Structures are given as C-alpha cells and as structure tokens.
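Tertiary structure, described
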Amino acid sequence: MESYKFFLYPKFDLKDMVGRQGYGFDFPAGADPYELMRPILARLPLLMIFYGNEGDVLSINQEVTTHLGWDTGDLLSRDLLSQCFPDPETQRQFRYWMLHPPLGWQEVPCHSAYGQVLEMIWAFVRFPNGEGLVCGYNVTDAKLTQSALLETSDRYALLTRGMNDGVWDWNLITDETFYSSRWKALLGYQDHEIGNHIDDWLRLIHPQDAERVKLNLTLHVRGQTPHFHQEFRIQHRNGSYRWALARGLVLRDAYGKAYRVAGSLTDLTEHRLAEAQLLHDALHDSLTGLANRTLLFDRIEQAVRHGCRRPDYKFAILFIDIDRFKVINDSLGHSCGDAILIELGQRLQRIVRPDDTVARIGGDEFVILLDDINGNNDALGVCDRIHYELDTPFILKEQRIMLRVSIGVATRTPNVEKAENYLRNADIAMYRAKLAGGSCYQIFSEEMHVMARDRLSLEVGLRQALERDEFTLHYQPIYRLKDNRLYGFEALIRWQHPTEGLLSPERFIPLAEETSLIVPIGDWVLWQACRDLQRWQEQYPQHSLCVNVNLSNRQLMYPSLVEQVLAALEQTQVPPEALHLEITESVGMDKPEQVRDILLALKAHGLKLSMDDFGTGYSSLSYLTNLPIDSLKVDRSFVKLITETNQQHSVIDAILSLAKGLDLEVVAEGVEHAYQVIRLRELGCDYAQGYYFSRPLTREQVDQLLAERYRV
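These lines cover the structure that appears in this document, whether it is placed above or below. Note that the structure is predicted; figures quoted are calculated from it, not measured. (Residues numbered from 1 in each chain as written. Predicted model: local features only at pLDDT ≥ 70, side-chain atom pairs only at ≥ 80, totals over all residues. Heavy atoms only, no water.)

1. Considerations on helix 14 (residues 376-389)
For clarity, the cut-off: Strands here mean DSSP runs of E at least two residues long; helices mean DSSP runs of H or I at least four residues long; both are numbered from the N terminus. Multiplying 1.5 Å by the helix residue count minus one yields the expected span of that helix. Think of it in three bands: residues with accessible area under 20% of the maximum for their type are buried, residues over 50% are exposed, and the middle band is partly exposed, with areas taken using a 1.4 Å probe on protein chains only. Taken from the helix axis, the directions to the C-beta atoms give the arc we talk about. The contact definition used throughout considers only heavy atoms, calling two residues in contact when any of these lie within 4.5 Å.
In this model, helix 14 (14 residues) spans 20 Å end to end at C-alpha, consistent with the 20 Å of a helix rising 1.5 Å per residue. Within the sequence span of helix 14, burial applies to A379, L380, V382, C383, I386 and H387. Down the axis of helix 14, the buried side of the element spans an arc of 150°, and every buried residue falls inside it. Summarising the geometry of helix 14, the exposed residues directed more than 90 degrees from the buried face are N377 and Y388. On the buried face of helix 14, the contacting elements are strand 15 (316-322), helix 13 (334-351), strand 17 (365-370), strand 20 (405-411) and strand 21 (441-443).

2. Looking at the sheet that holds strand 9 (residues 132-138)
So the rule is basically this: For two strands to be treated as a pair, DSSP must find no fewer than two bridges joining them. Note on geometry: axes are lines fitted to C-alpha atoms, helical ones only across the stretch in contact, with angles between N-to-C directions running from 0 to 180 degrees.
Taken together, five strands build an open sheet; the order of strands is 4-3-9-8-5 and the sheet is antiparallel. The two strands at the open ends of the sheet, each matched to only one other strand, are strand 4 (57-60) and strand 5 (106-107). Bridge count between strand 8 (residues 120-126) and strand 9: seven bridges; the pairing is antiparallel. By the bridge assignment, R126 is partnered in strand 9 with G132. In the packing of helix 5 (residues 88-99) onto the sheet, the strands contacted are strand 3 (47-51), strand 5, strand 8 and strand 9, and the crossing angle to strand 8 comes to about 35°.

3. Quick word on the packing of helix 18 (residues 518-539) against helix 20 (residues 561-572)
Counted only if it meets this: Just so you know how the angles are binned, under 35 degrees is roughly parallel, over 145 roughly antiparallel, 65 to 115 roughly perpendicular, and the rest oblique. We call a crossing left-handed when the near helix sits turned anticlockwise from the far one by less than a right angle, and right-handed when that turn is clockwise. Note on residue categories: nonpolar means Ala, Val, Leu, Ile, Met, Phe, Trp, Tyr, Cys or Pro, charged means Asp, Glu, Lys or Arg, and polar means any other residue, Gly included.
Where helix 18 meets helix 20, the closest approach of the two axes is 9 Å, and the angle between their N-to-C directions is 25°. Here helix 20 runs roughly parallel to helix 18, going by the angle between their axes. By crossing handedness, the relation of helix 18 to helix 20 is classed as right-handed. Between helix 18 and helix 20, the residues in contact are D523, L526, W527, C530, R531 and Q534 and Q564, V565, A567, A568, L569, Q571 and T572, respectively. In the contact of helix 18 with helix 20, the residues fall into seven nonpolar, four polar and two charged.

4. Some words on the pattern of salt bridges
Any two side chains of opposite charge can pair, on the condition that their charged atoms come close. Operational definition: Salt bridge, as applied in this entry: a Lys or Arg side-chain nitrogen positioned within 4 Å of an Asp or Glu carboxyl oxygen.
In the structure shown here, the tally under the stated rule is 31 salt bridges. A salt bridge links E500 to R507; the nearest nitrogen and oxygen atoms lie 2.9 Å apart. Note on E500: relative accessible area 42%, which makes it partly exposed. With relative accessibility at 42%, the residue R507 sits in the partly exposed group. Where D630 meets K603, a salt bridge forms, and the shortest distance between an N and an O atom there is 2.1 Å.

Take a look at the structure:
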C-alpha cells in the first residue's frame, strides 16, 4: 500500500522546520490527509489552509477562524487569499509558493477580517496527489514582546549610564559579576580596569569592614536576611578610602535556589562629611571652635558617672568671665571683641591638658572641665596660670589690650550629680569673684549657694515690686548753711518688701543695676519725685524748693533719657531748675563723649547737674572740667574726718578750693554734729544734709515739716 510521510514538530518552530527530524505518520494513498490528521492538527497552534492542484482553497482549520476571523462560508462567497493578501503582488507571490513550495519559512503579513495586520510566518507543503497545505504561525505577540525587550534593554542601558549610583549584577551560576561604568567611575576606574569577578569588588573594601560585608552578603544569599544593605569603606583608585552604601536583592528559581544578586553602589562620602560637620556644629561654638554648652554638659555628666564608679576620682569646673568686656566691645567694635574671644580660647587650650575640656557657653563666658585631678590645688594652679597667661597683652589695631578675668571654681561633690548644678555652683563662685573686685578666683561653698538663692528670690520680688506698687520715696532735707534755710530734698527710694519689711537701696539697687531693672525703677523715681515736688510747690509757691534725683550709669546710657526727663517736667509743670540730677564719679567713664552729650542736652533745658560722692571714685580733673556740672557732693567719709579735736581738714579744704576754682557749689553729706556744721560753714561749704538736720522723711513727714516751717 502506497503511503506518504508527514512531519510534525513538537514545538512548531518554522525557522528550523526544514532539515530537522520530526515525527512521521503514514497514511494510505488517496485518503484525505486533513481528515486523517484532524485530531492532531486540532491540537496545534497553527493556521492550516488546505488547497487543491490549482491553488484553490479547499478547507481551513479553527485556528484560521480564531486568528483571522474567516470561516468556512467565506470559502464559497469570496476568494480567501485575496482577502488575506489585498496587495496583488503579495497575493501572486503567495500562490506561487503554494504551487512551488520553497525551502524554509516565509514571513508575510496577513490581513484579518477585523482589519488588523498580523505578523505571520508561513511554511508550504505539496502532497504527492498535487494538493497542498499552508501552515501559518502568528508571531505578532512575539514581535511585540521582542520589541518590548529591546526597548527595556535600551532603557536599562540608559538607566545605568544616567544613574548617579553604580549598578552591580552577580551571576551566582557562572560566578561572573557585571559592574556598570558608573560603578567603576565612583572609584576612579575606567571600564577596562575592573574585572568581572565578585572578588574584584571585595578586595577593595577596607580590611576592617571586609568580613562584615562578606558575612551580610552571604546571609542574604542564604535567605537569612530580606535584603542586602551595608555601609562600608572602599578604596578609591587614588588610594584614599571613601564611604559607600551597597544595596542588593537576590533572585531565586522555582525551587528557591539563588541564581543571581543585583543591586547598586552609592557614594556616601560627602553625606558622611556633611553629617560629621553637622554633628561638629551641634557640639561646638561657631566662633571659637571650642566645645559648646551641649558638649560640655555631656563631658561633665561623664565625669560624674566616672566619679560614681571611682570614689577617689576628682574633677573641677572653672567658670571664667572677662571683666569689663563690654567696654572693649563698645570701644573697639564687635569684630575686635570676637578676635579677643578667639585668642583667649586658644590661650586657655594651651594651658590645660589634652583630655581637659575648654568650652565657650555664650558671650564672654568660658568654662574649663579639669578631668581626673589630684585635688583643689590642681584647679587653683590652673587659675594662677590663666592669670599669668593674661599678663601678656592682646594686640588689636596696634593697641595693647590687657584682659582680666574672674574665675569661679566648683570641685566634685558626692551629693551633686547633675552637670547643670556644677555649672551653677561655678557660676555663683565667679559672681563672688566679681563682687570681690574681679581679676581673681573664688571656690564655691554652700554659703554662696544660700546667698545666691536669696539673691534670686530678691530678684523675683524686685521684678514684681513695680507692678505691686511696693516702692516708696523718702526725702532727706538739704539746708543752706549760711542761713540754715531749707533748700530742698534728696529723693531716696525704699522698698516695702511684703515679707522682709522696709528695705534700704543698698539692699536692692546693685541687683537692679545688674538686671537692668534700674531703668524702669529710675523712671518711676523721677516721675514720683516730680509729682511730690509739684504738690509742695503748689502748696508753698513763695518758697522755691528743689528735689535731687540720682541717675545710675545704665539710666544715663538709656537712649530716651532726655525725652523721659522732659516729659516728667512737662506733665508735672515742675520748673527745670528745680530738678537736680545726681551722677557718680564713675558714671560714663567708658563712654565719656556720649555721656557729655547727654548731660549737655539736659543742661540746655535748664536742669541742674550734681556729682555725687565726689572724692571716692576715679575721676580726674580733666574729666570733671569736661562735664557741665553745677555742684559737687562731698562724701560722708570725708565729713567724718571733722572732729572736735581735729582742726586740720586738708581733704575737704582741697575739695572746696577746687570747687570754688571751678565755680561749683558744694553739698556736704552725712553731717551728724554741730561742730561739723560750724567747720563746714567756716570752710565755705554751701549746703549740707545729714542726721544733724533730719533723717530721711516720708511724704507725710515732709508735709508736716513744710507746714511747721512755712506756717503763716
């Protein structure tokens, strides 16, 4: 029986259809091949078109209908091939291949009944009986997939070139590793200078980091970590080490076996440097580069913890404040002040040991932590070295600046555990050194703490005293010596403290000066004295009384002082010549020109100016003659030199002679005895005040005094 052999391939790859061995099927001659093969062909994803001896289509399979949309009825109503290939030349070529099958496959696009153009490959077979079979395979999706893959590949190439990070890809099967150009460039290498093995990367890692990187990479490959994420140091081509971050993710097959690890490499060097700079800035003073308060507190707390573990461990805190630093800033400018602060910080660092901490905690305040000392003598020795170091002047703008500092010392105390308490104790001791005249040091004691606590309580009360109307004025009469006539009063402030009773100005005025509360307090004194004087002048208009009001240094430097004084006079209608303003010798020594301008402005409006406590300060004759002063007040310490037996009064005589030479009036303070009055009158003193005449009087007592003295 004659038979034919037809070859079918398990995977219908038309590229390999010719010349490959397939599976053979024998069927009898004259049998319908399509009918015999229908069960098999129905399972293949092929378009089957059976045709006759003349190339006319005899039948099609279901795949033709599925992919092209044509059905069996189209065979009878129209020419199927002309519908699939509307181009005449393409149709002619296709019919030719049906009658003369070429070797291999042919790629010919095909039009569907839906108007689509499908990418197809075709194979042609002629049977011995003259009939034939065309097998088609739709490769449209495959072409789209291939195009997408090419596009993805191009995008991947562009991505790896454009990324700031380097890309690495380790094939665990072949043990080959791909490093992108950027990966190599991050380390200073050209493409050809790095191999394709994982060791080409690992050998560059810093020896202290290498084992950690290898371990974490191995753990991720084994599946013990969800991802690979590691920071480490890696050697640049120039030999330096840079900080890098490697990220990676393992890929596994269907059986969970790792076959690939891919990831990125990021240069963290600049980021690390920025972090280090931020950390440094957060812990150091921007001007001097010394430790700041935050770092100082941390070091002190470390020392405290160390002391808890080692009872014999000792440390000391030195709180350093520059004496009269504001004068330097105001006279030379803040840039020169900053230069002094920088150089002082450098000198302090040269004095102490490397393990000690020098900090600037604000303004002109420096703190030194002396770590692990033998005892208090070590701390005091450092204080002496600081003062010795400052004997060398600072040279700024060709000027020699001598700097002096006050130092407070606080040593380790078992019952003190907080850094802030140690700093507070050293600050308290520094303040005591200031009160002692400056340019010295004081060691903290518990008594100082008690005094500081009382001072704080007093300061809190002082801030509330104005609001609560707790201040009052007492007035000490001033008499003209030549006729014992009442000349006026000196206004003296008192504080009616809610718990401590009536406080004299010596108790709270220094504190008011330090805290700048003296400005609002002084303004209150000025207004109240003018109001009281207004009332007395209205009651006794025939008597030209005056009132003396003290001005502090801070008040005198206050920008709106002149406006405040004039406003008080205008509101109370007090004549300017009835208001005498008293200043001390030391007032304005730092800014003599500015003080002179202010005093001249007051003088121009008719006010009287007096220098208080003359002879106890530092004024020179040139300073005295440069100011528009009307009178001098001799301090009580000189008046006390006048006794019944002592007839030599050279100091007072000299002051009076000086005053007369400058055409100034003189007021003697603290007069307590009749013989003092007699002697002062003999010496030509103009006015006097003191207990001999009267103690300071309340407003009501002044009313009574005036009523008795000027009774009609």
